[in-house]
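Results of the structural survey
Residue strings, one per chain:
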Amino acid sequence: MSFPHSQSPSIAARSIGARVPRGDDPRLLTGRGQYLADIVLPGELHACFVRSSAAHARITRVSIDEARALDGVVAVWTGEDAAKFCEGIVGELEVEGCFATTMPLLARDIVRYVGEPVAVVVAESRYVAEDGCDLVDVDYEPLEPVLHPRSALEGGPSANEELPDNVALRGGKVLGDVEGAFNNAARVIEATFHSGRLSAGPMETRGVIASYDWTSRRLRLWTGSQMPHYIKYCLTAYLGFPENECEVLTPDTGGGFGQKAHIFPEEMLLPLLARELDRPVKWVEDRRENLMTATHAHEQFIDIAYAFDSDARATGVRIRATGDGGAYHQPPWSMGVEPWCTAMVTPTGVYDIPAADLIYEAAATNKTPIGAYRGVGYMAGTLVRECLMDDAARAFELSPFDIRRRSVVREFPWTNPQGIVYDEGSWLQTIDELERMVDYTAFRERQAALRAEGRFIGLGLSVFVESSGESTAMGKAHDLGGIYHDTATVKMEPNGSVTVTIGLTTQGQGHRTTMAQVVADSLGVPLEAITVRAAESTTYGWGSGTVGSRGAVIAGGAVLRASNVIRTKLVALAASMLEADPADIDLVDGAAVVLGVPGSSVSIIDLATAVYFDQSAWPADFDPTLEATLAYDPARPIFSNGGHAMIVEVAPDTGFVTVEKVFSVEDCGTVINPDIVEGQIRGGVVQGIGAALLERLVYDDSGQLVTTTLLDYHMPSMDFSPPFEIHHLETPSSHTPGGIKGMGESGLIAAPAAVLNAVNDALSHTGTVLHNIPITPEQVLRALRG
Amino acid sequence: MTQPSEHVSVQVEVNGRRYQRSVMARLTLSDFLRDELGLTGTKVGCEHGVCGACTVLIDNEPARSCLMLTVQANGKQIRTVESLASGREMSPLQACFQKHHALQCGFCTAGFLMSATALLEEGQPTREDIVETLSGHYCRCTGYSPIIDAVEEAAAKESS
Amino acid sequence: MKSPVFAYAAPNTVAEACSLLANDEDAKLLAGGQSLVPLLALRLAAPTTLVDLRLVPALTGITYDQGVLRLGAMTTHRAIERSPLVQDVAPAIAEAAALIAHPQVRTRGTIGGAVAHADAAAEWPAVLLALGGHVEVTGTTGSRSISASDLFMGPFMTSLEPDEVITSVSLPIDGREIWVDEHQRRHGDYGLSILAMTYQLSDGFLTDVRLAVAGATGSVTRAPEAEAALEGRAPADSSDAITALAAELSYTSDIHGSADYRRDITTTLFQRALRAAGERSGQA
Ligand SMILES: Cc1cc2nc3c(=O)[nH]c(=O)nc-3n(C[C@H](O)[C@H](O)[C@H](O)COP(=O)(O)OP(=O)(O)OC[C@H]3O[C@@H](n4cnc5c(N)ncnc54)[C@H](O)[C@@H]3O)c2cc1C
Ligand code: FES
Ligand code: FES
């Protein structure tokens, strides 16, 4: 596939690569950020949801009269009221074997998970709305809850009648001679893994404000979404609001991590309420709701086996990944993407494994729907692959570095058995570099010395390759549907300043700064002269979402393509004014200069002024539009790679695990801003440490969620934060703007495996090998006690 | 005898300014600061005392504003993140946060800044003191180590 | 997560607080709010009246007199941790205060509130039991003193009458050794196991041992068999006591750890306490 919008111009890196401080920081540091809850519209009402207290039940009665009568309550809606306008939102994954579900905006006859919205109370304040919710009485007739994904797939009651056999997704592929690989294997290393149910847990919960003006039919919707253009699309597709009169606005957003990359019933309900009640309506999710209902993540049961030949080279893999999907597909990611990606994409990783038997399945259960969380599908897949590599290292008595070097792909381009082509990568170098960073021999000596004193440290390794810069080509390469492109507008004004608008929102990743760096290098203007607007409104641009490590590559590509149009004009004008060949003009340090002719230059400001005010300076046929909007979608898939090594210590009296140090290698091609890249690594790794050691959403046997406060759902705090040593490798992409690849998910993708491996290494004298996360202190203590 | 009432009158000094208001007794201090006074720099992340986003200084000591009723702050001096910059200059602590990339989304930041401000005002904190105090705050973005570095540098600046 | 409606009063005297409590059976006292306000926010508590103790001057202050450390009920954990007096006469008590939550909670939470709340994983009840302390309480019919062993009735349950206010907490500081520590997963977490131990050391032998466990058990509890098994023994000679402690208590299971796990780590905590006792006896 080759479209013009896949071509990206070249760029000289000047500001790119620098540790530019973020322009957003002073605003955020002084309390001037405007997050969703900070926005107050005149006359706004507050919504609060009555949520199911049962995991699976028939609703026999909802009585709302008392709530409606409460002073300050303006409206109470139940499922019937919402269904008049919208039957629900449809979710599925565009792969073979996926079956769709429709999630009602408010449950009608049946509730299917604890926390499912049943009614909404709208009142003059959130306090009164909550008082109203207390007065709504719902009678439930219990149905049997379906709670275990693997037994659910074998039959029994259904969690959601739309999927009578509980199969939401089932499929797979056999590639190469798997039988042969396993029959001829010198060793088979296998295990069943469970990776726990997580909450992405952004510090800012979800929220929506809707405001509707019937005179113009204009709807404005504020939401901290990672996909505002998609939300806007749904406002028309599901609710029939006129597309031209819909605007989705994205305020400052306190983290998303994938959780805010869905469409939620609440986002569809608020616009209806605002329209019908003729007043703005606001809903700010509270933390209990967030833990209960804002999509759960990652939970899977995975059987996996690798065949190794007598040289300890992996020759085949079998995997069956089963997702515990919850009651519905949460669009657009669905409960399918997690096990699908784990089975279909990750089992081969950075290794040359010619044969693969891949099975994916997702079961509907009476739990909160599973959604995306940073590194969706990749984390669990990387966990099982890398953990078995370390298991294999022990079995073959090789170092964790050596076992990986036996199988690692060394030559590019590389096509894996799934047919995915990797253009380049520093897969071997990553392993070598990590070995150097940890000083492996010294580590083993220290480990032995400490063990003699009754202290137990361990080293764990985990390397990864991740698809980044999610694109149409990426989807195609993986047999996934979906079309992606983003646009950017670059506009230069008479004083030479530049306003850039991109279609991607930012949740703290610093896109405004990195995009300014790209423009600075393209147009030679100083950073202070550049303002970047990151999808604050859907009025401009188009964006397919801040997901899948897309930000830098996709927005960067669109921004570069658009600024190149401006650049070409500035160069033409400068060439005319300086009587030089356009090919000899460069834009640098605020001026157009003639290469090789010192002193021959004109400032960008003068050029811009001339475009707007001085026709006499123009060359022939000059078009003075200093504004360009262009799209970008890379021609080919892009992959970043890297790895982490971790040293942990386990405490013999408690089984507590402490991460002593993290070593990270990241290759995301050309680095635009190392501060930002390192920030993404550290943040993701600590989330990964949380996933490996602390975080766990727990359901009891009746399907009640036990972990509904932060006192029970434990996230890493500062005392869990290890020191980092980060090393950058730079293998630029041959076809993206400046060679940028995406990143942002790798920390969470690969850290849990490193932690698990390190713990297993610390316990290696005990004979116990753990294959679950989170690793509980209890499991560790039990292992140590033998 | 004092009569119980659903509404109370409060007088507080916030960032050097006196306010007198009549509020619902059940109104939390965080909601009061944000909704009544428009000081939205203070964030609310959990409303049950764990995340630390809402931390403000009450008579110079850090406290969760989500776990205080407004009326409990009657007669007290409150400082919020809006008080930290002076004139048009960020405080040294704020500048160190920027320098060390100690914030990403910024939602947790006000809470960290307020606890760290109290810590710096009390003396010269060690790295351990910093971790001990700031472990009472969640940050989901940064992985924390840049925050530790930022506060450590601010402490070093203060002492020099 | 907003509190339900309640009426609020902030009396100036304990007597007034008691009659406010007596006037409304669904009234509740408010001290630092660090336990009660979250319960209100989660709507797990819905008192009709809140009686705030913040304006009662008689409830603050720390004194030490004739071997008794007396802490006004409204004294915050932070004030105890930072008190030069406490640090001087009973440094272990200041250190125990620092085990509670984080500084941002300790600046508001009070010892009276913590004792009245009687959370099974709270530090103060264990300390109070191990020291053999008592609380002074006042109700509409007068004042009385309740010993720690008569106060704690179960998780979140005390023998306080609905109209009674704890006015102070008294801890005997009489030369006996005090050791308090806990296993907490993260800084400031509620303890998975909390152990408070007091004892005399004479010629390297333990006497008058009092042992209290919280966090690991359904409610704060003494461990009489383990205490007896240590009586007159050297700290190193403790295997009977360790066995007794593991056997005599009923350990709890929850998502943070099973009963077996809690038993195991309570044992290791106890061993830590005994090692400390051994070191102290070595120094003596
Ligand atoms: C994030 C977090 C972590 C925490 N971690 C811990 C921990 O590790 N260990 C720990 O012990 N605590 C912990 N706490 C609780 C904290 O210590 C509280 O301060 C304490 O439990 C209650 O004290 P308070 O003054 O805040 O009481 P309040 O919350 O005001 O009241 C608690 C209860 O006691 C009653 N009460 C209060 N004062 C009196 C009185 N004088 N007489 C009679 N009844 C009274 C109230 O009516 C109420 O029922 C934590 C709290 C939070 C928010
Ligand atoms: S909002 Fe107050 S601690 Fe989380
Ligand atoms: S910067 Fe996002 S939570 Fe801390």
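As the structure is a prediction and not an experimental result, all values here were calculated from the model.

Procedures and definitions
Residues numbered from 1 in each chain as written. Chains lettered and ligands numbered in written order. Predicted model: local features only at pLDDT ≥ 70, side-chain atom pairs only at ≥ 80, totals over all residues. Heavy atoms only, no water. Pairing = 2+ DSSP bridges. Helix = DSSP H or I, 4+ residues; strand = E, 2+ residues; numbered from the N terminus. Axes fitted to C-alpha atoms, helices over the stretch in contact; angles between N-to-C directions. Near = heavy atom within 4 Å. Polar contact = N/O pair within 3.5 Å; in protein donor to acceptor, adjacent residues only side chain to side chain. Contact = heavy atoms within 4.5 Å. Buried area = accessible area lost by both parts, 1.4 Å probe. Salt bridge = Lys/Arg side-chain N within 4 Å of Asp/Glu carboxyl O. Nonpolar A, V, L, I, M, F, W, Y, C, P; charged D, E, K, R; others polar. Domains from an automatic or database assignment. Core = buried A, V, L, I, M, F, W, Y, C linked by side-chain atoms within 4.5 Å. Buried < 20%, exposed > 50% of the residue type's maximum accessible area, 1.4 Å probe, protein only.

1. Examining the sheet that holds strand β31 (residues 657-667) of chain A
Residues and elements named next belong to chain A.
- Across the sheet, 4 strands lie side by side as β22-β30-β31-β32; this open sheet has mixed pairing. Every interior strand has two partners, whereas the edge strands, β22 (456-468) and β32 (724-728), have only one. On average, each strand axis in the sheet is inclined to that of its neighbour by 15°, with strand direction left out of account.
- Alignment of β31 against β32, held across 5 bridges, turns out to be parallel. Looking at the pairing, Val665 lines up with His727 of β32.

2. Observations regarding the site of ligand 1
- Near ligand 1 lie 31 residues; those nearest to it are Leu29(C), Gln34(C), Leu36(C), Thr110(C) and Glu123(C).
- One finds residues of chains B and C in close proximity to ligand 1.
- Within the backbone of Gly32(C), an N or O atom sits 2.7 Å from an oxygen atom of ligand 1.
- Between ligand 1 and Ser35(C) there is a distance of 2.8 Å, counted from an oxygen atom to a side-chain nitrogen or oxygen.

3. Section: the interface of chain A and chain C
- On the side of chain C, 25 residues touch chain A, which itself brings 32 residues to the contact.
- Summed over both sides, the interface of chain A with chain C buries roughly 2,500 Å², with 55% coming from carbon and sulfur.
- Among the residues of chain A in contact with chain C, Asp653(A), Phe656(A) and Glu778(A) are the three that bury the most area, contributing 21% of the side total.
- A salt bridge links Arg785(A) to Asp264(C); the nearest nitrogen and oxygen atoms lie 3.7 Å apart.
- Going through the elements one at a time, α4 (126-135), α9 (287-293) and α21 (777-785) of chain A are the ones with two or more residues in the side of chain A that touches chain C.
- Partitioning the side of chain A that touches chain C into residue classes produces 13 nonpolar, 5 polar and 14 charged.

4. Digging into the domain arrangement of chain B
All names here are of chain B.
- Each assigned domain of chain B is listed with its residue range as follows: domain 1 (7-83) and domain 2 (92-159).
- Once you take the C-alpha centre of each, domain 1 and domain 2 turn out to be 21 Å apart.
- Each side of the interface is counted separately: domain 1 has 18 residues, and domain 2 has 13 residues.
- Across the domain 1/domain 2 interface, buried area totals approximately 1,200 Å², and carbon plus sulfur atoms make up 63% of it.
- The tally of links between domain 1 and domain 2 comes to 1 salt bridge.

5. Section: the interface of chain A and chain B
- Counting residues at the interface gives 52 residues for chain A, matched by 46 residues for chain B.
- Counting each side, the surface lost to burial between chain A and chain B is near 3,900 Å², with a carbon and sulfur contribution of 60%.
- By the criterion of area lost to chain B, the three top residues of chain A are Leu29(A), Tyr127(A) and Met718(A), representing 24% of everything that side buries.
- Linking chain A with chain B are 25 residue pairs in polar contact (both at pLDDT 80 or more).
- For the side of chain A that touches chain B, the elements supplying multiple residues, two or more each, are α1 (25-29), α4 and α19 (674-693) of chain A.
- With 8 residues, the single largest contributor to the side of chain A that touches chain B is α19(A).
- A per-class count over the side of chain A that touches chain B returns 23 nonpolar, 18 polar and 11 charged.

6. Observations regarding the side chain of Ser399(A)
Residue and element names in this part refer to chain A.
- Locating Ser399 in the fold gives a position in the loop between α11 (378-396) and α12 (400-407).
- Separated by 2.9 Å, the side chain of Ser399 and the backbone nitrogen of Asp402 make a polar contact.
- Leave out the neighbours within four places in its chain, and Ser399 touches Ala393 and Tyr440.

7. Notes on the sheet that holds strand β1 (residues 45-51) of chain A
All names here are of chain A.
- In space, the 7 strands of this open sheet follow the order β3-β7-β1-β14-β11-β12-β13, with mixed pairing throughout. Of all the strands in the sheet, the pair left with one neighbour each is β3 (73-78) and β13 (246-249). For this sheet, the mean angle separating the axes of adjacent strands, direction not counted, is 20°.
- Two elements, strand β11 (residues 207-213) and strand β12 (residues 218-223), share 6 bridges in a ladder whose sense is antiparallel. Residue pairing for β12: Tyr212 is matched across the bridge by Leu219.
- The sheet contacts of helix α7 (residues 228-237) involve β12 and β13, and relative to β13 the element is tilted by about 150°.
- Helix-sheet contacts for helix α8 (residues 265-277) involve β1, β3, β7 (117-123), β11, β12 and β14 (281-284), and the interaxial angle to β11 is about 30°.

8. Thoughts on the nonpolar core
- Core analysis: the biggest nonpolar cluster contains 182 residues, and Phe193(A), Leu693(A), Val759(A) and Phe97(B) have the highest contact counts within it.
- Residues contacting Phe193(A), with those up to four places away along its chain left out, are Gln300(A), Phe301(A), Ile302(A), Ile304(A), Leu383(A), Val384(A), Cys387(A), Leu388(A), Leu756(A), His771(A) and Asn772(A).
- Of all hydrophobic cores here, the second largest spans 53 residues; its members include Val519(A), Ile566(A), Val602(A) and Phe622(A).

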